[in-house]
Amino acid sequence: MSSEPLVRVEHLSVSYGDRVALEDVSLSLGAGEVVSLVGPNGAGKSTLLKTIARLVRPNSGTVEFSDALGADPRRRVVYVPQRDHIDWTLPASVRDLVLMGAYGSASRWRRTSRDTTADAERALDVVGMRQHSATQIGRLSGGQQQRVILARALIRPSSVYLLDEPFSGVDAPTEAIFEEVIEDLRAGGAAVLLATHNLDCARDTSTRVCMLSRKVVALGTPDEALTPLNIAVAYGDISRLHIHGEAAHAHD
Ligand code: ADP
Ligand code: MG
């Protein structure tokens, strides 16, 4: 890992109205790192990715980018949303979707003049979807949708990739392709921050794992972070055990 992080998140807190999504989250991301964000539904994984992508404004705390990433906020990171945040009923081809740009919000789908059909086909080739480039996006299976989303991220080289649930709903061969693509990005010196429900994928793909449950429960190597205790704390089993213990005690 290089000495200076590419992205530095410090003491970040984010609320939607009075619902606290993130509380005092700190995390830095270095070149050549893959960090998996794991945690239950509602843990704040998507909120953290969106806040780094500047799509959500924090209540407090900071997100800082290395000067090496340049001044244009939209060019500093590639962000791809969760599959269910994309409107798959739009009358667009696979190629169109890939060309609609990988950064910014899903609603800010602007085709940029710099991206060409050849760029889109190259990105689709990486994920094994080139033969589907003229297919309407409404006809894709869930796994194919995920491949196209990943192609969107690959259309333009970047230093920081924020991927929301890339493994959700993909089959084993697709998972293997994705792991390879992510490893290639990492080996090329990029930083990848991905949210996933799949602890096995987190273990296999990551240099570090950040376990979230509104706050950071654990942050370290996969072995350090993915302990049974941390998983129980993040996924809420501890409180159930506790209630159980009290009930048992009451029967004594
Ligand atoms: P995750 O991706 O880990 O499932 P999210 O970041 O989507 O978690 O959500 C974190 C919390 O913030 C949840 O309680 C969720 O209901 C809430 N939340 C997320 N987005 C919004 C929103 N646009 N408006 C209100 N609450 C939201
Ligand atoms: Mg999410």
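Whatever comes next refers back to the structure up there.
These figures come from a predicted structure and were not determined experimentally.

About the thresholds
Residues numbered from 1 in each chain as written. Chains lettered and ligands numbered in written order. Predicted model: local features only at pLDDT ≥ 70, side-chain atom pairs only at ≥ 80, totals over all residues. Heavy atoms only, no water. Near = heavy atom within 4 Å. Polar contact = N/O pair within 3.5 Å; in protein donor to acceptor, adjacent residues only side chain to side chain. Areas by Shrake-Rupley, 256 points an atom, 1.4 Å probe, with all protein chains shown as cover. Helix = DSSP H or I, 4+ residues; strand = E, 2+ residues; numbered from the N terminus. Donors = N, O, S within 2.8 Å, 3.2 Å for Na, K, Ca; no water. Buried < 20%, exposed > 50% of the residue type's maximum accessible area, 1.4 Å probe, protein only. Phe/Tyr/Trp six-rings, centres within 6.5 Å; stacked < 30°, edge-to-face > 60°. Axes fitted to C-alpha atoms, helices over the stretch in contact; angles between N-to-C directions. Parallel < 35°, antiparallel > 145°, perpendicular 65-115°, else oblique. Contact = heavy atoms within 4.5 Å. Nonpolar A, V, L, I, M, F, W, Y, C, P; charged D, E, K, R; others polar. Pairing = 2+ DSSP bridges. Right-handed = clockwise from strand over helix to strand, strands pointing away.

Asker: Where do I start with the site of ligand 1 in this structure?
Answerer: Taken together, Tyr-16, Arg-19, Ala-21, Pro-40, Asn-41, Gly-42, Ala-43, Gly-44, Lys-45, Ser-46 and Thr-47 make up all the residues around ligand 1. At a separation of 2.7 Å, an oxygen atom of ligand 1 approaches a polar backbone atom of Gly-42. Between ligand 1 and Ala-43, the relevant distance is 3.1 Å, taken from an oxygen atom to a main-chain nitrogen or oxygen of the residue. Within the complex, the protein chains bury 64% of what would otherwise be the 560 Å² of accessible surface of ligand 1. The set of elements that each furnish at least two residues to the shell around ligand 1 consists of strand E2 (19–29) and helix H1 (45–52). Considering every element that reaches the shell around ligand 1, the biggest residue donor is H1, with three residues.

Asker: Sorry if this is basic, but what is going on with the coordination of the magnesium ion (ligand 2) here?
Answerer: Around a metal, the idealised angle for a tetrahedral arrangement of four donor atoms is 109.5 degrees; for an octahedral arrangement of six donor atoms it is 90 or 180 degrees. Here the magnesium ion (ligand 2) is held by Ser-46 (OG) and Gln-82 (OE1), and the distances to it run 2.1 to 2.4 Å. Remark: Gln-82 occurs in the loop between strand E5 (78–80) and helix H3 (94–99) and Ser-46 occurs in helix H1; sequence separation between them is 36 residues. Side by side, Ser-46 and Gln-82 carry an identical accessibility label, which is buried.

Asker: Before we go on, may I ask you to explain the packing of aromatic side chains in this structure?
Answerer: The description of two aromatic rings rests on the distance between their centres and on the angle between their planes. One pass over the full model with this rule turns up one aromatic pair. Seen in terms of ring centroids, Phe-167 and Phe-178 are 6.2 Å apart; in terms of plane orientation they differ by 45 degrees. Their pairing is tilted. Taken together, the residues span a long stretch of sequence, with Phe-167 in the loop between strand E6 (160–164) and helix H6 (172–187) and Phe-178 in helix H6 at a distance of eleven residues.

Asker: Any chance you could explain the packing of helix H5 (residues 142–154) against H6 here in plain terms?
Answerer: How two helices sit against one another is set out by the angle between their axes and by the gap between those axes. Orientation of H5 relative to H6, taken along the N-to-C sense of each, is 10 degrees, at an axis distance of 11 Å. Classified by the interaxial angle, the pair formed by H5 and H6 is roughly parallel. Facing H5, whose interface residues are Gly-143, Gln-146, Arg-147, Leu-150 and Leu-154, H6 presents Thr-174, Ile-177, Phe-178, Val-181 and Leu-185. Classifying every residue of the contact of H5 with H6 by side-chain character gives six nonpolar, three polar and one charged.

Asker: Help me understand helix H9 (residues 228–235) in this model?
Answerer: In an α-helix, one turn spans 3.6 residues; hence positions three or four apart end up facing the same way. What H9 keeps buried is the set Asn-230, Ala-232 and Ala-234. A positive backbone phi angle near 90 degrees is found at Gly-236, which sits one or two residues after H9.

Asker: In this structure, what is going on with the pairing of E6? I would like to understand it.
Answerer: Two faces, one strand: in a regular strand the side chains alternate between the faces of the sheet. Among the five residues of E6, five are classified as buried, and the element is accordingly described as predominantly covered. What you see with E6 is no split at all: Val-160, Leu-162 and Asp-164 on one side and Tyr-161 and Leu-163 on the other are buried throughout. Looking at chain direction, E5 and E6 are connected through three bridges and run parallel. Counterpart to Val-78 in the pairing with E6 is Tyr-161. Tracing the backbone out of E6, into H6 and back to the parallel element strand E7 (residues 191–195) gives a crossover that is right-handed.

Asker: Any chance you could explain the side chain of Thr-174 here in plain terms?
Answerer: In this structure, Thr-174 sits in helix H6. If we ignore the near neighbours within four places in the chain, the residues touching Thr-174 are Gly-143 and Arg-147.

Asker: Would you explain the sheet that holds strand E1 (residues 7–16) in this entry?
Answerer: The strands making up a sheet associate through backbone hydrogen bonding, with each pair oriented either parallel or antiparallel. Spatially, E2-E1-E4 is the arrangement adopted by the three strands of the open sheet, whose pairing is antiparallel. Here the strands that pair on one side only, and so sit at the sheet edges, are E2 and strand E4 (60–65). Looking at each pair of strands side by side, their axes are set apart by 20 degrees on average, direction ignored. As judged from the seven bridges shared by E1 and E2, these two strands associate in the antiparallel manner. Considered in E2, the bridge of Val-7 is made with Leu-29. Strand contacts of H1: E1, E2 and E4, with the helix running at about 120 degrees to E1, the strand carrying the most contacts.

Asker: Honestly, the sheet that holds strand E3 (residues 33–38) in this entry has me stumped. Any pointers?
Answerer: Ordered by their spatial adjacency, six strands build an open sheet running E5-E6-E7-E3-E8-E9, and the pairing between neighbours is mixed. Either end of the sheet is taken by a strand with one partner, and the two such strands are E5 and strand E9 (215–220). For this sheet, the mean angle separating the axes of adjacent strands, direction not counted, is 15 degrees. Along the sheet, H5 makes contact with E5 and E6, crossing E5 at roughly 165 degrees.

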